[in-house]
Structures are given as structure tokens and as C-alpha cells.
Amino acid sequence: MKKIGFLSFGHWTPSPHSQTRSASDALLQSLELAVAAEELGADGAYFRVHHFARQLASPFPLLAAIGARTRRIEIGTAVIDMRYENPLYMAEDAGSADLIAGGRLQLGISRGSPEQVIEGYRYFGYVPAEGQTDADMARGHAEVFLDVLRGEGFARPNPRPMFANPPGLLRLEPHADGLRERIWWGAATNGTAEWAAKLGMNLQSSTLKFDESGKPFHIQQAEQIAAYRAAWQAAGHSRTPRVSVSRSIFPLVSDMDRAYFGRDGQSEDHFGYIEPGRQAVFGRSYAAEPDRLIDELRADEAIAAADTLLLTVPNQLGVDYNAHVIEMILAHVAPGLGWR
């Protein structure tokens, strides 16, 4: 068995070819797709966070709305850029959304990806300390966030408060029990995956990672997962961690599928640069008839190693089409691979 969810970037554009032409469309359709995915039997609805872009940004209002409209499906992010976040305020937002959802939040956080603007986090009021990089700052914010999610008191109460306080140091409220164990780190290297394991975070690995060996993407990603699990065991954590990978997968079962994605069947890994001086490897897309898809996906070592698969969806094609893609994978691909 494998958990299967979708991952949406929430793009919108006023183009007449897009079904998602405004921010309102992106938000409301994200909610509708999460409801549809739950009805189809999918396990998760996840959303990417990008700032200064025509994409989903502040995630917690959307996560809370989905939590109120659904009952079973996991609701999460992949990922929140921690360079931009006040970790204490984020803990309050996350606690509220998790309580509304009944403990179903699965929050992916990370250093983030290349930005739409130069050093955009500075506009949010965050500047790396002297001698630190923006990645150092993001990991520092993440550590504070993890610490306050434990729910332990740390703030000295006012001796003459407006409202009565419980005894002792105060914690942030509302507190959501168990959320600390449902935080994931989006790792682009083996080293950051191992760091996440030591801190007790679950692992999210995307459709790209920095090239560390020249091997095919799925093999490098499988090696990253193995390094993460070894570091987890060495850290002595008592629970079993979770690992997700993301993929673009399209069963070709209709003329519309073939028109949209028929050419993606020849997709291959490729190497390139997402930031100066660091080569990355980008994973291939999968698009084929279900029987062929089953054979191709069975050979993907990283999917086999993960317990959760996030399907990247082309959200601008609309809710109905994306629900169709999810349904075809659940009905025609997942059973043949033992995922259902």
C-alpha cells in the first residue's frame, strides 16, 4: 500500500487557454479539487507556496478551508519557504488549521527554491545574520518552529494580565497535539535529508535534486532516501518516519489525455542549473497507456522506496480534468503496482 495525493502549484493566468484565470479561481478550485480527490479515494491534497508569483502563497487560509470541507484526506504543503516565515506566528496559524482539520495537517517546509524577485525574503523583514546564508536563516527559522510546536511553555507571564493565565511559563496557542511529528523537510541534497532526519522531520523529495553523482534521477533520489533513513535510525527516534516523492504521471486513456500529454511519453531525465554553480538533475515525466505506465513506474527505485507519492497536477486545466487524472491513476495504475 502507498499513500497517493496530489500536489498543486496553484498557477493562474488571464490567458483564454487557462481554466484558472485569477487568484480567486486558483484558491476556490484548489478547494474543489481537494474535495473531489477525497471522494475519489485519494489520500492527500498538497500545495506549493511561492511568493511574488501568480501562484498560491499564504497557505493557511486554504488549508483551513479544506479542513472544514473534508473529513479524511491529508492536507499539506510541499513546501513552505522558511526564509520568509515568522516561525512563532506560523506555529499559531498551523495550530489553528490543524485543529480545524482534526489533526490532518502535513506541513512540508524547506529553504525554498529560486525566487521571482531578488532576495524576496528581505521585503518580508528577514535578513541573514552576518556570516550566514539564506539557507542558514531558513534552517534557523525551521528549528525555532519545531521547538515551539512541542507545546512547552517558554514565555514569562505578565503578573497583571488582562485574562487569567495557567500556572508557569506560557506557550503559543492554539496548540495542536501531534503536529510536531507531521512536519516534513523538502530536501534537495543528501546532506539536508540527513539533517532533517536528525531533527525528527519526515522527508519530502521533489521532481529535482542537486546532482551528487551523475546517476539517473530516480537512483540518486533512492540513495537520498536511504541516507535519510540511516540518519534517522542513528538519531534513535522511536517512531517510523514518512517519505514522499513527487512525480508527473498521466495515464493516456482518452483522446484528451493524448492531446495534452501524448508527447510526454518520450520524456527523459535532464541536467541543468536552477542556481549558479550547482547542477541539478530533473526527473522525467510519465505519460503512457496504463499497462505501460505500470511497467515504467515499477522500475522507479525512489517511488518504490517512498511510502507517499504526490502527483503534480496541471491545475490550469481545471478541476474536472485533474480529478480525471487522479481517478485514472487510482483505478488503472495503482492496483497493478500494489499501491491499492
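Here the structure is a predicted model, which is why all the values come from computation and not from measurement. (Residues numbered from 1 in each chain as written. Predicted model: local features only at pLDDT ≥ 70, side-chain atom pairs only at ≥ 80, totals over all residues. Heavy atoms only, no water.)

## Considerations on the overall build of the protein chain
Keep this limit in mind: Strands here mean DSSP runs of E at least two residues long; helices mean DSSP runs of H or I at least four residues long; both are numbered from the N terminus. It is over C-alpha atoms that the radius of gyration is taken, and the globule rule equals 2.2 Å times the number of residues to the power 0.38. When checking whether two residues touch, look at their non-hydrogen atoms; a contact exists if any pair is within 4.5 Å. For the area figures, the Shrake-Rupley method with a 1.4 Å probe applies, and any residue is considered shielded solely by the protein chains shown. We count Lys and Arg on the positive side and Asp and Glu on the negative side, and we leave His and both chain ends out. Here the site of a charge means atom NZ of a Lys, CZ of an Arg, CG of an Asp or CD of a Glu.
Helix and strand content of the protein chain: 10 helices and 13 strands. Here the protein chain has a C-alpha radius of gyration of 20 Å; the compact-globule value for 340 residues is 20 Å, and the two agree. Considering only C-alpha atoms, the protein chain reaches an extent of 70 × 40 × 40 Å along its principal axes. Within the protein chain, contacts between residues at least 6 apart in sequence are counted, and of these 73% link residues at least 24 apart. Carbon and sulfur atoms make up 52% of the accessible area of the protein chain, which totals about 15700 Å². The centroid of the 33 positive side-chain charges in the protein chain is displaced by 3 Å from the centroid of its 41 negative side-chain charges.

## What to know about a nonpolar patch on the surface
Put simply, the rule reads: Two distance rules govern patches: like charges are joined within 9 Å, and nonpolar side chains (Val, Leu, Ile, Met, Phe, Trp, Tyr) within 5 Å, applied only to residues with over 30% relative accessible area and no salt bridge. A side-chain nitrogen of Lys or Arg and a carboxyl oxygen of Asp or Glu constitute a salt bridge if their distance falls within 4 Å. Exposed residues in this analysis have more than 50% of their type's maximum accessible area, buried residues have under 20%, and partly exposed residues fall in between, with area computed by a 1.4 Å probe over protein chains only.
Side chains of Phe52, Tyr123 and Phe124 sit close together on the surface and give an oily, nonpolar patch of about 370 Å² of accessible area. Counting through the fold element by element, Phe124 comes out in the loop between strand S4 (105-110) and helix H4 (134-148). Since its relative accessible area comes to 39%, Phe124 is described here as partly exposed.

## Looking at the packing of aromatic side chains
The line we're drawing: When two rings of Phe, Tyr or Trp (its six-membered ring) have centres within 6.5 Å they constitute a pair, described as stacked for plane angles under 30 degrees, edge-to-face for angles over 60, and tilted for the intermediate range. Charges are assigned to positions over rings by a cutoff of 6 Å between ring centre and Lys NZ or Arg CZ, combined with an angular limit of 35 degrees from the ring normal.
Counted by the stated rule, this structure contains 11 aromatic pairs. Considering the side-chain rings of Phe250 and Phe261, the 3.7 Å spacing of their centres and the 5° angle between planes classify their relative orientation as stacked. With a gap of 11 residues between them, Phe250 in strand S9 (residues 249-251) and Phe261 in helix H7 (residues 255-261) connect regions that are remote in the sequence. Under the relative-accessibility criterion, Phe250 is labelled buried at 6%. On the accessibility criterion, Phe261 (11% relative accessible area) is buried. The structure contains a cluster of three or more aromatic residues connected by ring pairs, namely Phe52, Tyr84, Tyr121, Tyr123 and Phe124. In this structure, Arg278 packs its charged tip against the face of Phe210, placed 3.9 Å from the ring centre.

## Things to note about the pattern of salt bridges
What the rule picks out here adds up to 20 salt bridges. A salt bridge links Glu74 to Arg242; the nearest nitrogen and oxygen atoms lie 2.8 Å apart. One end of the pair, Glu74, is in strand S3 (residues 74-81); the other, Arg242, is in the loop between helix H6 (217-235) and strand S8 (243-247), with 168 residues separating them in the sequence. Among the salt bridges present, the one from Arg83 reaches Asp81, with a minimum N-O distance of 2.7 Å. Considered together, Arg83 and Asp81 belong to a single accessibility category, that of buried residues. Through salt bridges with shared partners, a single ionic network connects Lys3, Glu74, Arg242 and Asp307.

## Concerning the sheet that holds strand S11 (residues 278-282)
Counted only if it meets this: A pair of strands counts as paired when DSSP detects no fewer than two bridges linking them. Lines fitted to C-alpha atoms define the axes, with helix axes restricted to the stretch in contact, and inter-axis angles between N-to-C directions lie between 0 and 180 degrees.
Taken in spatial order, the three strands make up an open sheet running S7-S11-S10, and their pairing is antiparallel. Only two strands of the sheet have a single partner each, and these edge strands are strand S7 (208-210) and strand S10 (270-275). Between one strand axis and the next, the sheet turns through 40° on average, direction left out of account. One ladder, built from three bridges, connects S7 with S11; its direction is antiparallel. When the sheet's bridge partners are listed, Lys209 is paired in S11 with Val281. Seen against the sheet, H6 touches S7, S10 and S11 and runs at an angle of roughly 70° to S7.

## Structural notes on H6
To be explicit about the condition: What a helix is expected to span follows from its residue count: subtract one and scale by 1.5 Å.
Between its first and last C-alpha atoms H6 spans 27 Å; for 19 residues at 1.5 Å apiece the expected length is 27 Å, and the two agree. For H6, the set of buried residues is Phe217, His218, Gln220, Gln221, Ala222, Gln224, Ile225, Ala227, Tyr228, Ala231 and Trp232. Looking one or two residues beyond H6, the residue adopting positive phi is Gly236, at roughly 80°.

## Some points on the pairing of S11
For a regular strand, side-chain orientation follows a simple rule: the groups alternate between the two sheet faces. In this sheet, S11 lies alongside S10 in antiparallel orientation, the contact comprising five bridges. Within S11, the position partnered with Gly272 by the bridge is Ala280. The hairpin turn running from S10 into S11, its antiparallel successor, is two residues long, and Gly277 in that turn takes a positive phi close to 80°.

## Overview of the nonpolar core
Applicable threshold: For this analysis, a nonpolar core means a set of buried residues of the types Ala, Val, Leu, Ile, Met, Phe, Trp, Tyr and Cys, connected via side-chain atoms within 4.5 Å.
Core analysis: the largest hydrophobic core is formed by 84 residues, its most contacted members being Phe6, Leu107, Ile109, Phe145 and Ile183. If we ignore the near neighbours within four places in the chain, the residues touching Leu107 are Phe60, Leu63, Thr77, Ile80, Ala94, Phe145, Arg182, Ile183 and Trp184. Counting six residues, the second-largest nonpolar core is a separate cluster that includes Leu7, Tyr46, Val79 and Trp184.

## Some words on the pairing of strand S5 (residues 183-186)
Just so we agree on the cut-off: Handedness of a crossover is defined as follows: with both strands directed away from the viewer, a clockwise route from the first strand across the helix to the second makes it right-handed.
Neither face of S5 is left uncovered, since the one carrying Ile183 and Trp185 and the one carrying Trp184 and Gly186 both have all their residues buried. When S4 meets S5, the two strands line up parallel, connected through three bridges. What sits directly across from Ile109, in S5, is Trp185. Read as a crossover between parallel neighbours, the route from S4 over H4 to S5 is right-handed. The pairing of S5 with strand S6 (residues 202-205) spans three bridges and is parallel. Counterpart to Trp185 in the pairing with S6 is Leu203. Once the chain exits S5 it traverses helix H5 (residues 190-198) before rejoining the sheet at S6, and the crossover so formed is right-handed.

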